[in-house]
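Structural characterization, general
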Amino acid sequence: MKTFAEQKALVSQLNLMDDLFFHKVAEDKAACEEILRIILKKPDLRVTESQPQRYLRNVDAHSAVLDVLCTDDSGRLFNIEVQKQDNDLHQRRVRFNISNIDTAFMEKGLHYKDFPDVCVVFISAFDMFRKNRTLYHVRRIVEETNDFVENGTHEVYVNTAINDGSDIAELMQYFVNSSGYHDKFKAVCNRVNYLKEVNEGVNSMSSVIERYAEEYAQQYHEERANNERKNLAVKLITDALYPLNKIAELTGLSEQEVEDLKQTIA
């Protein structure tokens, strides 16, 4: 059992760009409201609900887990995503999230005109479009006329890599160095300081970290054990000493997994 000082030292290393920490901060709807107000420049926006790690289940397709899903007092939906690594086609991820939100909230019999607006705010540690801007708005346009057209979906990309001196950039720098107090983002700072300084908050955050570490360690050991079983199966297949069903029995793999391995080394 870690002492409070040890827990505090552990939590102090985190910032808002870390998933675990951001999810805990996002439990506070006032913090989410402030983030959205600043980034979207909507000082009157009122968040009525904040759902970190909102799971959107698809029975026959890939499900989605949103970093946080917020609802405002007019029924609009806001998905805030935080991403540190530039290692994927993130615009397609945004597209996927929007489609899943639409599916999850499209009630049977609802007319399209009553469909709620969806806005994705994508916060990254890198400049998504490499144009040296902190903030980007992506909109639909008619190429032939250059007219903007709306269908109720909105994409906003903001990053911590470019500091243009704006309030948004200042907030992004706080995402990277999440310590101290700033008058411009009182709600966010209050939540961060609660998780980093107050006994109850530190304990809560420390428990999340320890649980994640345990789950990660278990997953690592399971993957390692599975790789060892596969390596043994490959050797037995190559030596051709046993039929495939016997190899499956000896390694604990399914016969289909053994068959698939055989195809890869054939």
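Preceding this section is the structure that the text describes.
Here's what I pulled together on the structure shown here. The structure displayed is predicted, hence computed values, not measured ones.

Moving on to the overall build of the protein chain. Helix and strand counts for the protein chain come out as nine helices and eight strands. In the protein chain, which comprises 266 residues, the proportion classed as buried is 38%. Long-range contacts, defined as pairs at least 24 residues apart, comprise 57% of the intrachain contacts of the protein chain with a sequence gap of at least 6. Here the protein chain displays about 15,900 Å² of accessible surface, and carbon together with sulfur accounts for 47% of that area.

With that out of the way, let us pick up the packing of helix α1 (residues 4-12) against helix α6 (residues 186-197). Interhelical geometry of α1 versus α6 gives an angle of 140 degrees and a closest axis separation of 8 Å. Accordingly, the angle class assigned to the pair α1 and α6 is oblique. Side by side, α1 and α6 meet where Phe4, Lys8, Val11 and Ser12 of the first sit next to Leu195, Lys196 and Glu197 of the second. Its residues assigned to classes, the contact of α1 with α6 comprises three nonpolar, one polar and three charged.

Following the criterion strictly, the structure yields 10 salt bridges and no others. Linking Arg139 and Glu150 is a salt bridge whose minimum nitrogen-to-oxygen distance equals 3.1 Å. Placement of the pair is Arg139 in the loop between β5 (135-138) and β6 (141-142) and Glu150 in the loop between β7 (147-148) and β8 (153-159), with a sequence separation of 11 residues. The class for Glu150 is partly exposed, based on a relative accessible area of 47%.

Counting 41 residues, the largest nonpolar core has Ile39, Ile123 and Phe175 as its most contacted members. Looking at this core element by element, the count peaks at seven residues for helix α3 (residues 29-40). Formed by 15 residues, the second largest nonpolar core is a distinct cluster that contains Val94, Ile98, Ile101 and Phe122.

Next up on the list: the sheet that holds β5. Within a sheet, neighbouring strands are paired by backbone hydrogen bonds and run either parallel or antiparallel to one another. The mixed open sheet is built from six strands, whose spatial order is β1-β2-β3-β4-β8-β5. Looking at which strands have only one partner, the edges of the open sheet turn out to be β1 (47-56) and β5. Looking at each pair of strands side by side, their axes are set apart by 20 degrees on average, direction ignored. Alignment of β5 against β8, held across four bridges, turns out to be antiparallel. What sits directly across from Val138, in β8, is Glu155. In the packing of α3 onto the sheet, contacts are made with β1, β2 (64-72), β3 (77-83), β4 (118-124), β5 and β8, and the angle to β1 comes to roughly 95 degrees.

Their axes nearest at 8 Å, the elements α3 and helix α5 (residues 167-176) cross at an angle of 140 degrees. Classified by the angle their axes make, α3 and α5 are oblique. Seen from above, α3 lies across α5 with left-handed handedness. Two secondary-structure elements touch here, α3 through Ile35, Ile38 and Ile39 and α5 through Asp167, Ile168, Leu171, Met172 and Phe175. Per-class residue counts for the contact of α3 with α5 are seven nonpolar, no polar and one charged.

Moving on, we come to the packing of aromatic side chains. The relative placement of two aromatic rings is captured by the distance of their centres and the angle of their planes. For the structure on display, the rule yields five aromatic pairs. Here the aromatic rings of Phe122 and Tyr157 are separated by 5.9 Å at their centres, their planes lie at 50 degrees, and the arrangement is tilted. With Phe122 in strand β4 and Tyr157 in strand β8, this residue pair connects regions lying 35 residues apart in the sequence. Of the two residues, Phe122 and Tyr157, neither departs from the other in class, the shared state being buried. The interplanar angle of 85 degrees and the centroid separation of 5.2 Å between the aromatic rings of Phe129 and Tyr157 together place this pair among those described as edge-to-face. Remark: Tyr157 occurs in strand β8 and Phe129 occurs in the loop between β4 and β5; sequence separation between them is 28 residues.

Reading the values: rules and limits
Residues numbered from 1 in each chain as written. Predicted model: local features only at pLDDT ≥ 70, side-chain atom pairs only at ≥ 80, totals over all residues. Heavy atoms only, no water. Helix = DSSP H or I, 4+ residues; strand = E, 2+ residues; numbered from the N terminus. Buried < 20%, exposed > 50% of the residue type's maximum accessible area, 1.4 Å probe, protein only. Contact = heavy atoms within 4.5 Å. Areas by Shrake-Rupley, 256 points an atom, 1.4 Å probe, with all protein chains shown as cover. Axes fitted to C-alpha atoms, helices over the stretch in contact; angles between N-to-C directions. Parallel < 35°, antiparallel > 145°, perpendicular 65-115°, else oblique. Nonpolar A, V, L, I, M, F, W, Y, C, P; charged D, E, K, R; others polar. Salt bridge = Lys/Arg side-chain N within 4 Å of Asp/Glu carboxyl O. Core = buried A, V, L, I, M, F, W, Y, C linked by side-chain atoms within 4.5 Å. Pairing = 2+ DSSP bridges. Left-handed = near helix turned anticlockwise from the far one by under 90°. Phe/Tyr/Trp six-rings, centres within 6.5 Å; stacked < 30°, edge-to-face > 60°.

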